[in-house]
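# Summary of the model geometry
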Amino acid sequence: MSSRHEFIPHVAEVAWRLTADTVPELYAEACVALGQMLVAEAGDDGPAGERVLTLAAADAEALLVDLLNELIYLAEAARWAPRSARAEQWDAGNLTMRLTGVRLRCAPSRIKSATHHALHLTTTDAGAVAEVILDV
Amino acid sequence: MTTAKRSYPHARLDAQVVEIPVTARSDMRVAARIYADATLWDQIRRDRSVDQLVNVATLPGVESPVLAMPDAHEGYGFPVGGVAAFRAGDGIISPGGVGYDINCGVRLLASGLPAAVVRPQLGALMHELGRSIPSGTGRGGRLDLDPAGLDRVLAAGSRALLDREMATVDDLLHTEAGGSLAAADPDAVSDRARQRGHDQLGTLGSGNHFVEVQEVESVFDDTAAEAMGLRAGDCVVLIHTGSRGLGHQVCTDYVRAMDAVMRRAGIVLPDRELACAPFGSPEGQRYFGAMCAAANFAFANRQAITHAVRRAFRQTFAADATLEVVYDVAHNMAKLETHHGRELVVHRKGATRAFGPAHPETPPRYRAIGQPVLIPGSMGTASYVLVGTDAALDLSFGSCCHGAGRAMSRHAARTAQSGAEVRRGLEARGIVVTGAGNRELAEEAPHAYKDVDRVVDVVHDARLARRVARLVPVGVLKG
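## Topic: the overall build of chain B
- Secondary structure summary: chain B contains 15 helices and 19 strands in total.
- Its C-alpha radius of gyration of 21 Å places chain B within 12% of the 23 Å reference for a compact globule of 479 residues.
- For chain B, the spread of C-alpha atoms along the principal axes amounts to about 60 × 50 × 45 Å.
- A total of 479 residues make up chain B; the buried ones form 62% of that total.
- In chain B, of all internal contacts separated by at least 6 residues, the share reaching a separation of at least 24 is 78%.

## Structural notes on the packing of helix H9 (residues 244–265) of chain B against helix H10 (residues 282–316) of chain B
Residue and element names in this part refer to chain B.
- Put simply, H9 and H10 touch, their axes get as near as 9 Å, and they point 170 degrees apart. Looking at the two axes, H9 sits roughly antiparallel to H10. On H10, the residues touching Arg244, Leu246, Gly247, Val250, Tyr254, Ala257, Met258 and Val261 of H9 are Glu283, Tyr287, Ala290, Met291, Ala294, Phe297, Ala298 and Asn301.

## Details of the interface of chain B and chain A
- Contact residues are listed per partner, giving 39 residues for chain B and 33 residues for chain A.
- Only strand E4 (66–76), helix H7 (191–197) and H9 of chain B provide two or more residues apiece to the side of chain B that touches chain A.
- Counting residues per element, the side of chain B that touches chain A draws most heavily on H9(B), which supplies 10 residues.
- Its residues placed into classes, the side of chain B that touches chain A shows 9 nonpolar, 17 polar and 13 charged.

## Examining the environment of A:Gln89
All names here are of chain A.
- Relative to the helices and strands, Gln89 is located in strand E4 (residues 80–91).
- Overall, the presence of 11 C-beta atoms within 10 Å leaves Gln89 in the exposed class.
- Taking the C-alpha atoms as reference, Gln89 lies 8.1 Å from Pro24; in sequence the two are 65 residues apart.
- Look past the residues within four positions of Gln89 in its chain and what remains in contact with it is Asn94 and Thr96.

## Things to note about the nonpolar core
- Formed by 164 residues in total, the largest nonpolar core has its most connected members in B:Met291 and B:Ala294.
- No other element matches the 18 residues that H10(B) contributes to this core.
- Not counting residues within four places of it along the chain, the set of residues in contact with B:Met291 comprises B:Val98, B:Ile102, B:Val250 and B:Ala334.
- Judged by nonpolar contacts, the second largest core, of 46 residues, contains A:Leu38, A:Ala60, A:Tyr73 and A:Ala75.

## Here's the deal with the sheet that holds E4(B)
All names here are of chain B.
- Spatially, E1-E2-E3-E4-E5-E13-E12 is the arrangement adopted by the 7 strands of the open sheet, whose pairing is mixed. The open sheet has two edge strands, strand E1 (11–14) and strand E12 (332–339), and neither has a second partner. For this sheet the average axis-to-axis angle between neighbouring strands, irrespective of direction, equals 40 degrees.
- Sheet contacts for helix H2 (residues 49–56): strand E2 (17–20), strand E3 (32–35), E4 and strand E5 (78–87); angle to E4, the most-contacted strand, approximately 110 degrees.

## Brief notes about helix H2 (residues 60–78) of chain A
- Under the 1.5 Å per step criterion, the end-to-end length of H2(A) is 26 Å for 19 residues, consistent within 8% with the ideal 27 Å.
- At the exit of H2(A) stands A:Arg79, carrying a positive phi of roughly 55 degrees.

## Section: the environment of A:Val39
- With respect to the secondary-structure elements, A:Val39 resides in helix H1 (residues 23–42).
- Look past the residues within four positions of A:Val39 in its chain and what remains in contact with it is A:Asp44, A:Ala81 and A:Val102.

## What to know about the pairing of strand E2 (residues 14–20) of chain A
Residue and element names in this part refer to chain A.
- In terms of residue burial, E2 counts as a mostly covered element, since 5 of its 7 residues are buried.
- The sheet contact formed by strand E1 (residues 4–8) and E2 spans 5 bridges and is antiparallel. Of the residues in E2, the one forming a bridge with Arg4 is Thr19.
- The turn joining E1 and E2, which pair antiparallel and follow one another in sequence, is formed by 5 residues.
- Sheet topology places E2 next to strand E8 (residues 127–135); 7 bridges connect them, and they run antiparallel. Within E8, the residue paired with Trp16 across the bridge is Val132.

Rules and cut-offs
Residues numbered from 1 in each chain as written. Chains lettered and ligands numbered in written order. Predicted model: local features only at pLDDT ≥ 70, side-chain atom pairs only at ≥ 80, totals over all residues. Helix = DSSP H or I, 4+ residues; strand = E, 2+ residues; numbered from the N terminus. Rg over C-alpha atoms; globule rule 2.2 N^0.38 Å. Buried ≥ 20, exposed ≤ 12 C-beta atoms within 10 Å, placed from the backbone. Contact = placed C-beta atoms within 7 Å. Axes fitted to C-alpha atoms, helices over the stretch in contact; angles between N-to-C directions. Parallel < 35°, antiparallel > 145°, perpendicular 65-115°, else oblique. Nonpolar A, V, L, I, M, F, W, Y, C, P; charged D, E, K, R; others polar. Core = buried A, V, L, I, M, F, W, Y, C linked by C-beta atoms within 7 Å. Pairing = 2+ DSSP bridges. Expected span 1.5 Å × (residues − 1).

Below, the structure is given as C-alpha cells:
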C-alpha cells in the first residue's frame, strides 16, 4: 500500500482518510496533504528550506493532531508549508519529522485547526489508517 | 466518517420541538431538545448532529436540557447550533463547546441611506470596502499591534479602540457585554496566539465570513424596527467575522491542555474533542480567561471593520455619512450567566444570545423590545433581525439560532454548481460580489445551506425570538 489521502464527507469541515504502510509514513502523508491544501489557497514562491519538528504527545493520535496544528501555525506565522516529509524518529509518544517546504505568497486563513473529533489512527497487518477532521 | 450514526428514541413535543429523553442512552445525564419543524428535523438527522448533542448531554454538571437550534449541523465535539449550560459549581467548561473561532459573531450597522441612493454608487462602495477591509487569505490588516497594544485589546476589547477614535461610546453600548469581557486574562493567551493575531485586527478572514450591504426588504414589527433605526427600503451593513488566528490558536492550545487533564484524571469522554475541565479548576479558569481575551479581540475586530466601513461610506457618499451600530452579538462563546437562580456557564456554539426586554443586560435603548438578534442567511439569501424574548430565558437559557446552517458539504456544494454559475446567478439579481474566488463562492452557495426563512419561522413560533425585519443582499464582500 502506498501512502495516500482522500477527502471523506463532512457537512461543514474538511475530513481526510490517510493510509500508509506504517505510522511514520502516515504522518509524512498528512504533512504533504496539508501542504497541498495550504499552497492551493495561498500560492507559493518556491523552496524555503528544511525544518525539523520534534513533538511529544500522549499517544499516536494526539501526535497526528499536534503535527498538523504545528504546520497550521507555521503557515500562518511564518508563511511556510511542507512539500515533502519524512519521519526520522517515532514511538507512541514522540515524533521527529524532517520536512522540506515552500514559502507561501501570503498567510493562509482557510484552515483553523486540526481537531480531535472522531479521530482514529489504527494499525493492522495491511498498514496504518487515520481519519482526521480539520476545522475550516 | 466511519463512526456509525445512531438513532435515538424521541418524541415531538410540539410543532417546533423534538425531545430525546434522558433514558435514550445510558450515559446521558439530561434530556436533549432539538428545535426543528418536520422538514428541518429530517435535515438535521442526516448528519451526526444528534449524536454530538447526546454526547454533550453526558458531560459533568450539565443542566437540563441540552439544545440544538433549527440551524444545527454536525460540527466537532459539540454540534454547531448547540446550547449547553453547566453549573459553575460542579460543571465543566469545554473549548470544543465554544469552537475555534471564539466570539465569531455578527454586527449590524444602520446607514439611514435609502437603497435608491446607494445602488447607483454600489460598485464604487464595494470597491472601497474591498480595498480597506482585508479578506480571504490572512493578509495583515490596517492595525499591526505592538505587544502592549495587543495586550490592551485582549484586556479591554472594543473599549481599547476609543483612544484611537475608531469606536464611540454609543458603539460600545450596543455591543454584547459592551464589547469588553472583564474576565479576560491576557496572560493566559500564548505567544503563538499573539503571533497569529497581532496583524489581523480589522480583517475578515475566510470561509463564511463577510461584509454585506443589505436592504431592509420588509418590517414585521414597526415599533422594534423604529427603536433600532431600521426603515423599509434603507440600506444596512452586516459584518460577520470573529477572532481570526488568535482565537483559533487559543482553542487549539486549550483543547490540547485539557486532553492532558482528562488523561491525568482518568476521565473517559464519548468524543475526545469534548475535552473539558471543571469550571472552577485552575485549567478551567485559565481557559475562561484566555477565551474572554480572544472574545475581546473579536469584538475589537468587528469594531475596527466598522471604522473601515464608515470611512468607505464617507468617501463614497458624503463626508457626514454616519452608520450607527444597531447591535453586535456573539455566536461562539461561553458566558457565566444566572438562570433560574443558578450560576451557569452557558456554551453557545453557533447559537446567539437572545435576552428579552426584562433582562438587565439588554441595553437601555432596547428595554421595551428585547435584545436585537441578528441571523445572517447564506450568501445571496435573506438575513433577519429579531429580538430576544423573556420566554427564551425559560426555554433555551436565553438562546436562539445563529444562521441558516449548512445542509451540504463543501465538496457536494462545489459539485452541484460551479462558482462561476453562482456568481452569474447573484449578478443577475443585481448583487455585486467582491473578494471571493469561484471556489469560495461555490462552497458558500445558497443551496449548501438550510432555508433561513424556515429556520427563523421555527424560532419565532417557538418564542425564542421575535421577527422584526427581513434583509436582502445588495453587495457582498466575501472573506
